[in-house]
Amino acid sequence: MTHWAIELPVTPDDRRLARLAALAIGLTLAEAAIPSPIPGVKPGLANIVILLVLLQDGWRAAAWVSGLRVLAAGLLLGTLFAPGFWLSAAGACASLLILAVAHHLPKRLFGPVSLSVLAAFGHVGGQLALASLWLLPAAAILTLLPLFAAAALVFGAANGVIVARLHLANAPIVQGSPQ
Amino acid sequence: MGMLRAGDVGVLLAGGVGVVALTLWAWSGEHGDTAVIRAAGQIVQTIPLTRDQSVAVDGPLGTTRIEIAPGRARVAADPSPRQLCVKQGWLTLSGQAALCLPNQVSLEIRGRTPAYDTLGY
């Protein structure tokens with residue numbers, strides 16, 4: 001008898017990241033249902049999960065969760081490889097790059113709120129940079145820029161406070177791995 | 001460690017100042033989307049400010065080179081003696097113009113709504 005089933009070794013860490021990614025995907029889907037006057041202005045609730053992962057498991061894990069979220073949300077929302085997907089991917093990449101640097105800032109001075117605000121600016125910056133190179137004339141982007149930046153500041157700060165509270169409380173969503 | 005640390009306040013303040021500065025900058029005057037190039041009073045080219053390109057226009061003194069970029073345009077080189085239109089640098093707002101009078105070439109930026117009905121030089 002030959003066994004055709006391919007077994008991929010799965011570590012508890014993999015399961016944990018998958019669970020966190022699922023949480024981020026859920027938040028992205030829930031958020032997609034919220035109507036928004038300007039496409040692209042969103043609370044970015046999935047960033048709460050990504051920042052918690054960053055604080056607890058480091059940058060690599062956060063990049064995994066973020067990548068899985070963008071890909072799976074694209075699949076589930078039916079925008080995979082559509083312009084919206086690439087904008088989202090560009091935002092996530094820019095945000096992760098900023099976090100890679102910001103995460104080395106002295107922890108005593110810069111807490112989750114700083115990380116969240118910087119990540120939110122990264123998201124907006126990455127999206128608008130791609131949009132201006134590819135989709136919209138630069139003049140149109142320029143007009144929208146202040147709205148996106150203001151939204152990033154407000155939502156980034158709000159998410160940051162949520163992250164700080166969850167992190168201080170050692171929220172069970174990012175703890176251990178109950179099977 | 002509290003929820004809001006010293007650096008966080010700094011980041012929030014810097015972000016707030018940044019957003020205000022961005023708003024003032026982006027919403028002051030209408031940004032143009034088209035470059036109108038004239039030689040000897042006649043429109044020779046109308047180019048949307050969408051991608052990088054360079055345009056050469058001939059006048060009585062020689063060739064004026066105009067550079068177009070996303071959202072802006074400038075006179076990059078001109079044979080006129082005082083180089084006034086070159087020194088003006090990048091033009092972004094609707095209604096702005098660079099005039100290379102000796103060479104009779106002009107570059108004007110236009111937006112969706114013209115800033116002026118007409119301009120007499």
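Everything below is about the structure shown above.
These figures come from a predicted structure and were not determined experimentally.

Colleague: I tried to follow a nonpolar patch on the surface on my own but got confused; where do I start?
Modeller: The grouping of Phe81(A), Trp86(A), Leu133(A), Trp134(A), Leu135(A) and Leu136(A) at the surface amounts to a nonpolar patch, some 670 Å² of accessible area in total. With respect to the secondary-structure elements, Trp86(A) resides in helix α4 (residues 83-102).

Colleague: What exactly am I supposed to notice about the packing of helix α1 (residues 12-32) of chain A against helix α3 (residues 59-77) of chain A here?
Modeller: To describe two helices that pack against each other, one gives the angle between their axes and the distance between the axes. All names here are of chain A. Interhelical geometry of α1 versus α3 gives an angle of 45° and a closest axis separation of 8 Å. By the angle between their directions, the pair α1 and α3 is classed as oblique. Handedness of the α1/α3 crossing: right-handed. Only Ala61, Trp64, Val65, Leu68, Arg69, Ala72, Ala73, Leu76 and Leu77 of α3 make contact with α1, whose side of the interface consists of Leu17, Leu20, Ala21, Ala24, Ile25, Thr28, Leu29 and Ala32.

Colleague: Even after reading the chapter, I still don't get helix α1 (residues 6-26) of chain B, so can you show me in this structure?
Modeller: Structurally, the α-helix is built with 3.6 residues per turn, so residues lying three or four positions apart point the same way. Residues and elements named next belong to chain B. Its 21 residues place the ends of α1 30 Å apart at the C-alpha level, agreeing with the 30 Å of an ideal helix rising 1.5 Å per residue. All of the buried residues along α1 are Gly7, Asp8, Val11, Gly15, Val19 and Ala26. On an axial view of α1, the arc spanned by its buried residues comes to 115°, and they lie on one face. Of the exposed residues in α1, those oriented more than 90 degrees away from the buried face are Ala6, Leu13, Val17 and Leu24.

What counts and how
- Residues numbered from 1 in each chain as written.
- Chains lettered and ligands numbered in written order.
- Predicted model: local features only at pLDDT ≥ 70, side-chain atom pairs only at ≥ 80, totals over all residues.
- Heavy atoms only, no water.
- Patch = residues over 30% accessible without salt bridge, like charges linked within 9 Å, V, L, I, M, F, W, Y side chains within 5 Å.
- Areas by Shrake-Rupley, 256 points an atom, 1.4 Å probe, with all protein chains shown as cover.
- Salt bridge = Lys/Arg side-chain N within 4 Å of Asp/Glu carboxyl O.
- Helix = DSSP H or I, 4+ residues; strand = E, 2+ residues; numbered from the N terminus.
- Axes fitted to C-alpha atoms, helices over the stretch in contact; angles between N-to-C directions.
- Parallel < 35°, antiparallel > 145°, perpendicular 65-115°, else oblique.
- Left-handed = near helix turned anticlockwise from the far one by under 90°.
- Contact = heavy atoms within 4.5 Å.
- Expected span 1.5 Å × (residues − 1).
- Buried < 20%, exposed > 50% of the residue type's maximum accessible area, 1.4 Å probe, protein only.
- Arc of directions from axis to C-beta.

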